[in-house]
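These are the residues of each chain, in order.
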Amino acid sequence: MALKKKPTTGMKDILPKEMEIRDYVIRQIKETYKTYGFQSIETPCVEHIENLNSKQGGENEKLIFKILKRGQKLKLETAETEADLVDSGLRYDLTVPLSRYYANNVNELPSPFKALQMGNVWRADRPQRGRFRQFMQCDIDILGEPTYLAEIELILATTTLLGKLDFKNFTIRINNRKMLKGMAKYCGFPEESYDDVFIILDKMDKIGMEGVEAELSEAGYSAETVDRCRTLFETVTNDIAGIHYMKETLGDSLENGVAEDLEVIISTVEKLKEADFRISFDPTLVRGMSYYTGPIFEIAMDEFGGSVGGGGRYDEMIGKFTGNDTCACGFSIGFERIVMLLLERDYKVPEAAEKKAYLVDKKASPALMAEVIEKAKTEREQGIQVNISMMKKNKKFQKEQLTAEGYSDITEFFQN
């Protein structure tokens, strides 16, 4: 049987043109986040299955690539449950591994700790535009900072990065899980149903208020509760005035300080931002992960038609490893979607160095070849990028290819 040359479903080969952009974006990420004090870390791609199935990853826990036990531990003939077969899995995000990492190494880390982590994650998802089963994530997290300074720093760092990549007019949507709980309580939804209600509210941008109202009614909630919910969302605005309205309307149903913190985050980011973007209060923003406990945010980009990143505060996750809650907040950019958008707009990576190409005659002697390589060595030491190739029969086409790759200085070497 012939071997298959195409990647498995949901995976892809990366060609040089895309790789050049990916490498450039990675450099920009590291350089930009470093100026904000973030430190690079790395965690294994394989995690304990108990950690991945901790009921904190929302729908992603249904998409885990699970790994069978190995060697003598794998007993297929006596296995009765999945737990008898599986002991680990590929990580579906970087937040769960980071929490385990921090819990394991906290005594060797500063407080607060500002972490930068980049790496591949895996989800057995349905592939579509901008979504793969293997993809790179890029996260920045601040652990041990209880105030809104963490949210402000994360948003400013991420938006500054996007500005450097020539993205403009995008929107940072922001909400607070405590605001959502306050709204649910005010409307009269039973507390045990909050997560189900939030899942329906999160569809607002896709099915509209009428669709949300219909789903809430179909789920069995009272007409009075659904009507009160509808009135809230039809009246609130996507700005600081909307936050004030929510604070006044929800009253005792809203925890103290939630509205004030949101207002400070929005006004501070607006004042200090370096990139061209909007930040707006979005009371329908939910974020799918159940581990979020406070402010949550997403990057909405018109040219993609959806989110290209998001994050929020998750103050209770690390405590599940240590027994002591640790303040934590993170922001993840959709690396693959950012790269896809740059490719679609035919983005050109700024040339960091002069590029030269040397074409050597096939009849060149060893002495001439050594001379060309020595010349290239000298120029490479000066920071010049030099590509040495043997001259092809169709030299015109070869030179056109090199020019398309950015080699403006092409020199030919012939044997005397």
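Scroll up for the structure.
Here is what the cut-offs are and how they apply
- Residues numbered from 1 in each chain as written.
- Predicted model: local features only at pLDDT ≥ 70, side-chain atom pairs only at ≥ 80, totals over all residues.
- Heavy atoms only, no water.
- Pairing = 2+ DSSP bridges.
- Helix = DSSP H or I, 4+ residues; strand = E, 2+ residues; numbered from the N terminus.
- Axes fitted to C-alpha atoms, helices over the stretch in contact; angles between N-to-C directions.
- Contact = heavy atoms within 4.5 Å.
- Buried < 20%, exposed > 50% of the residue type's maximum accessible area, 1.4 Å probe, protein only.

**Student:** Give a detailed account of the sheet that holds strand 14 (residues 409-413), specifying residues and quantitative values.
**Tutor:** Hydrogen bonds between backbone atoms are what pair the strands of a sheet, whose relative direction is either parallel or antiparallel. Pairing within the open sheet is parallel, and its three strands lie in the order 13-12-14. Two strands bound the open sheet, and with one partner strand each, they are strand 13 (385-390) and strand 14. Here the strands of the sheet are splayed against their neighbours by 20 degrees on average, with no regard to which way each runs. Note that strand 12 (residues 355-360) and strand 13 share six bridges and pair parallel. Counted as the bridge partner of Lys356 is Val386 from strand 13. Contacting strand 12, strand 13 and strand 14, helix 13 (residues 366-381) crosses the sheet at an angle of about 165 degrees to strand 13.

**Student:** Give a description of helix 12 (residues 335-344) that names residues and reports values.
**Tutor:** In terms of burial, helix 12 is a largely internal element, eight of the ten residues being buried. Within helix 12 the residues assigned to the buried category are Phe335, Glu336, Arg337, Ile338, Val339, Met340, Leu341 and Leu342. Asp346, located one to two residues past helix 12, shows a positive phi value of around 55 degrees.

**Student:** How would you sum up helix 3 (residues 95-105)? Please name residues and give values.
**Tutor:** Among the eleven residues of helix 3, eight are classified as buried, and the element is accordingly described as predominantly covered. For helix 3, the complete set of buried residues consists of Thr95, Val96, Pro97, Leu98, Ser99, Arg100, Tyr101 and Tyr102. Next to the buried residues of helix 3 lie strand 1 (39-41), strand 2 (46-48), helix 2 (49-52), strand 5 (113-122), strand 6 (134-143) and helix 11 (319-322).

**Student:** Describe the environment of Ser253, listing the residues and the values that go with them.
**Tutor:** If you trace the backbone, Ser253 turns up in the loop between helix 9 (240-250) and helix 10 (258-272). Through-space distance from the C-alpha of Ser253 to that of Gly182 is 4.9 Å; in sequence the pair is 71 residues apart. The contacts of Ser253, once residues within four sequence positions are left out, are Gly182, Lys185 and Tyr186.

**Student:** Please provide a residue-by-residue account of the pairing of strand 8 (residues 277-281), values included.
**Tutor:** Among the five residues in strand 8, four count as buried, and that is most of the element. Inspection of the sheet shows strand 7 (residues 170-176) paired to strand 8 by five bridges, in the parallel sense. Note that in strand 8 the partner of Thr171 across the bridge is Arg278.

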